[in-house]
Amino acid sequence: MEFTESYKQTGPCCFSPNARFIAVAVDYRLVIRETLSFKVVQLFSCLDKISYIEWALDSEYILCGLYKKPMIQAWSLTQPEWTCKIDEGPAGIAYARWSPDSRHILTTSDFQLRLTVWSLLNTACVHLQWPKHASKGVSFTRDGKFAAICTRRDCKDYINLLSCQTWEIMGNFAVDTLDLADIEWSPDDSAIVIWDSSLEYKVLIYSPDGRCLFKYQAYESGLGVKSVSWSPCGQFLAVGSYDQMLRVLNHLTWKTFAELMHPYTVRGPCYAAVFKEVDEPLQLDMSELCLSDDFSQGNDDSPEEPFRVRYEVMEVPINLPFQKPPAEKPNPKQGIGILSWSNDSQYICTRNDSMPTILWIWDIRHLELAAILVQKDPIRAAAWDPTCTRLVLCTGSSHLYLWTPSGAYCVHAPLSQFIINDLKWNSDGSCLLLKDKESFCCAAVPLLPESSEYSSDD
C-alpha cells in the first residue's frame, strides 16, 4: 500500500462519484485535485468558511454549504466561470443536497419550515412545507425518478412522493409513527422502510402507493431502533437495536430470519477467528553499535522502545472489554451504532457501542459469526471496499486495519504524527482517503487477489 504526502484541510473532503477527483475544503477555498496525480485542477473561493460539500452524481457540479452565512454556493468543473448562489434570507439554510439528475438542489430551511427545490436550468423553484428533518427524511429511488420526503403536520408524520422531473407531488399518505426518524427506499425501488425514534421500537415497510406491507416490533418498553440498512442486493433488511442485537429480515415475507447477539464473553463452539491487536517490540541488534562515553552520559533519557502492531489470533473462551453506560445520562452509548454490508451482501459488520473497541463480522449466507476484531482503541470508522470483500477500519491511531475472508492485517501510515480519524473509499476501490484533524492523505490500495494470504505484519 502506497501513501501520498499529507495536505491541509479544515473541513469535509470527498471523492467525486466518477473517482477522478478529490474535493477538499480549506477555510473558504474549495480545492479540486486529480485522484491519480494529486494535481490541483480547480480552485474556487467561497464567501465564508465551508461547512459541507457534496458532489453531483455526474461529477460535473459540486455544492458548498456555508452554514454560518447561511448560504449555498455551487460550482462547475467544466465551466469554472459559472457560479450559483442560493440564499433563503431570514429562513436560513440548515442542509442542502443534490437531486439524482444533478441539475436541482434541495435545501431545508432552519426550524424545518420548508424544503425548496432549486433548478440550475432556470430560475424555477418548488416549495414543500414542514419537512420532518433537515438532513434526514429524504430518499430517492435507485433510478432517480422519484423522491420520498417526510413531512409533519397536525402532529402526524406523512410521506410525500414527488416526481424528480416535474417536482409535483404524485401522492402522500400518513404513516403509523410517533416520531419518524428516517426513511429509505429499497434497492429495487419496490418498498420504503420507515423507522420510529429511539423511544418507540417500530419498523414499517410501505409500498409506494401507501399500503403498509409489514410492521415489525421486536420488543416494547425500551429504547428501540438505532440503525437500519438495506443489503445491496435488496433481499435483506438489517436492524440494529439498543438491546445490542442485530436482526435481519427477508424481503419476501418481511419475517426475521436471524437474531445476532453481541455477548461480552465468547465461548465455544465458535468457528469465528478472533483477531486481537497487540504491540510487538522490535528486536534491534545493538551488538556492533559503539557510542562514546560523552554521548552516552549526556543522553540518560532512553527513547521509547520501538514496536510494530500486528494481529494475534486468540482462543475461545475470551472476555471482551465493555463499558456499562451510566443510567442517569441520556443517549446511552450502547446498541448497534455501526452497521454496514459488504458489496456482495454476504457479510455485515457491526459495532456494539458499549464495546467500542470490538468489530463483529457476520456471514449472512451461513448465518454465523465470521470474525471478531479486538482493537486497542475505539473504532472510529469502518468501510467495505466497493468492489470486493475487504473491510478497512481506523481507531484514531497511525494504523489502518484490514480484514478479508482470508485473514486480517495491519498497515502503518508512514507519515509523521498523522492520526487516522476517518476514511472513505474511492468508488472504484483503488484508493482510500484518510483524514487527520487538520490534514488528509490518500492511500493506493492494491487489487485483492482471488486467493489472498496476508500476514499480520505492517
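Residues numbered from 1 in each chain as written. Predicted model: local features only at pLDDT ≥ 70, side-chain atom pairs only at ≥ 80, totals over all residues. Heavy atoms only, no water.

For the protein, the name recorded in an unreviewed UniProt entry is Anaphase-promoting complex subunit 4 WD40 domain-containing protein, with Phaseolus vulgaris as its organism.

Asks: When you look at the environment of Ala444 in this model, what are you seeing that I'm missing?
Replies: Structurally, Ala444 is set in strand β41 (residues 439-444). Those residues in contact with Ala444 that lie beyond four places of it in its chain are Met1, Glu2 and Ser430. (Helix = DSSP H or I, 4+ residues; strand = E, 2+ residues; numbered from the N terminus. Contact = heavy atoms within 4.5 Å.)

Asks: Looking at this structure, I do not really get the packing of aromatic side chains. What am I missing?
Replies: Geometry of an aromatic ring pair is reported as the spacing of the ring centres plus the angle between the planes. What the rule picks out here adds up to 22 aromatic pairs. Where Tyr311 meets Tyr401, the ring centres are 6.0 Å apart and the plane angle is 55 degrees; that geometry is what we call tilted. Here Tyr401 lies in strand β37 (residues 399-404) and Tyr311 lies in strand β29 (residues 307-314), a separation of 90 residues in the sequence. For the pair shown, Tyr311 and Tyr401 are each scored as buried. Members of the aromatic cluster, each reached through a chain of ring pairs, are Tyr7, Phe38 and Phe440. Over the ring of Tyr28 we find Arg29; its NZ or CZ atom is 5.3 Å from the centre of that ring. In this structure, Arg153 packs its charged tip against the face of Tyr158, placed 3.9 Å from the ring centre. (Phe/Tyr/Trp six-rings, centres within 6.5 Å; stacked < 30°, edge-to-face > 60°. Buried < 20%, exposed > 50% of the residue type's maximum accessible area, 1.4 Å probe, protein only. Lys NZ or Arg CZ within 6 Å of the ring centre and 35° of its normal.)

Asks: Would you mind going over the sheet that holds strand β38 (residues 407-412) with me for this structure?
Replies: Backbone hydrogen bonds hold the strands of a sheet together, and the pairing may be parallel or antiparallel. Read across the open sheet, the 4 strands follow the order β35-β36-β37-β38; overall the sheet is antiparallel. Across the chains shown, the open sheet's two edge strands, defined by having one partner strand only, are β35 (381-384) and β38. Direction aside, the axes of adjacent strands within the sheet are offset by 20 degrees on average. Pairing geometry for strand β36 (residues 391-394) and β37, over 3 bridges, is antiparallel. In the strand pairing of β37, Leu393 is matched with Tyr401. (Pairing = 2+ DSSP bridges. Axes fitted to C-alpha atoms, helices over the stretch in contact; angles between N-to-C directions.)

Asks: What's the story with the sheet that holds strand β13 (residues 114-119) in this structure? I'm lost.
Replies: The strand order β11-β12-β13-β14 describes an open sheet built from 4 strands, whose pairing is antiparallel. Across the chains shown, the open sheet's two edge strands, defined by having one partner strand only, are β11 (95-98) and β14 (125-129). In this sheet, neighbouring strand axes are inclined to one another by 20 degrees on average, regardless of whether the strands run parallel or antiparallel. Relative to strand β12 (residues 104-108), β11 is paired through 4 bridges, and the arrangement is antiparallel. Across the sheet, residue Tyr95 finds its bridge partner in β12, namely Thr108.

Asks: Explain the pattern of salt bridges to me, please; I cannot follow it from the model alone.
Replies: Oppositely charged side chains can form a pair if their charged atoms are brought close together. What the rule picks out here adds up to 20 salt bridges. A salt bridge links Arg351 to Asp353; the shortest N-O distance between them is 2.8 Å. The class for Arg351 is buried, based on a relative accessible area of 15%. Residue Asp353 is classed as buried on the basis of its relative accessible area of 12%. With a closest N to O distance of 2.9 Å, Asp385 and Arg390 form a salt bridge. Each of Lys132, Arg152, Asp157 and Asp179 takes part in salt bridges that share partners, so that together they form one network. (Salt bridge = Lys/Arg side-chain N within 4 Å of Asp/Glu carboxyl O.)

Asks: Just checking my understanding: could you explain the side chain of Asp385 for this structure?
Replies: Structurally, the position occupied by Asp385 is in the loop between β35 and β36. Within the local environment of Asp385, its side chain forms a polar contact with the side chain of Thr387, the two groups lying 2.8 Å apart. The contact partners of Asp385, leaving out residues within four places of it in the chain, are Asn343, Arg390, Trp425 and Gly429. (Polar contact = N/O pair within 3.5 Å; in protein donor to acceptor, adjacent residues only side chain to side chain.)

Asks: Help me understand the layout of surface pockets, please; the structure alone is not making it clear to me.
Replies: Rolling a probe over the atoms, with the probe sized like a water molecule, indicates the empty space that remains. Empty space within the largest pocket amounts to approximately 1300 Å³. When contributions to the lining of the largest pocket are tallied by element, the ones reaching two or more residues are β7 (52-55), β11, β15 (138-140), β19 (180-185), β23 (225-230), β31 (336-341) and β35. In terms of residue class, the lining of the largest pocket is built from 18 nonpolar, 10 polar and 7 charged. Taken as a whole, the second largest pocket holds about 160 Å³ of empty space. Within the residue set of the lining of the second largest pocket, elements represented by two or more residues are β1 (2-3) and β41. Grouping the amino acids of the lining of the second largest pocket by side-chain chemistry returns 7 nonpolar, 4 polar and 1 charged. (1 Å grid on protein atoms, 1.4 Å probe; cavity = no way out; pocket = protein on both sides within 12 Å on 5 of 7 lines; lining within 4 Å. Points joined across faces, edges and corners; volume = space filled by probe spheres on them. Nonpolar A, V, L, I, M, F, W, Y, C, P; charged D, E, K, R; others polar.)

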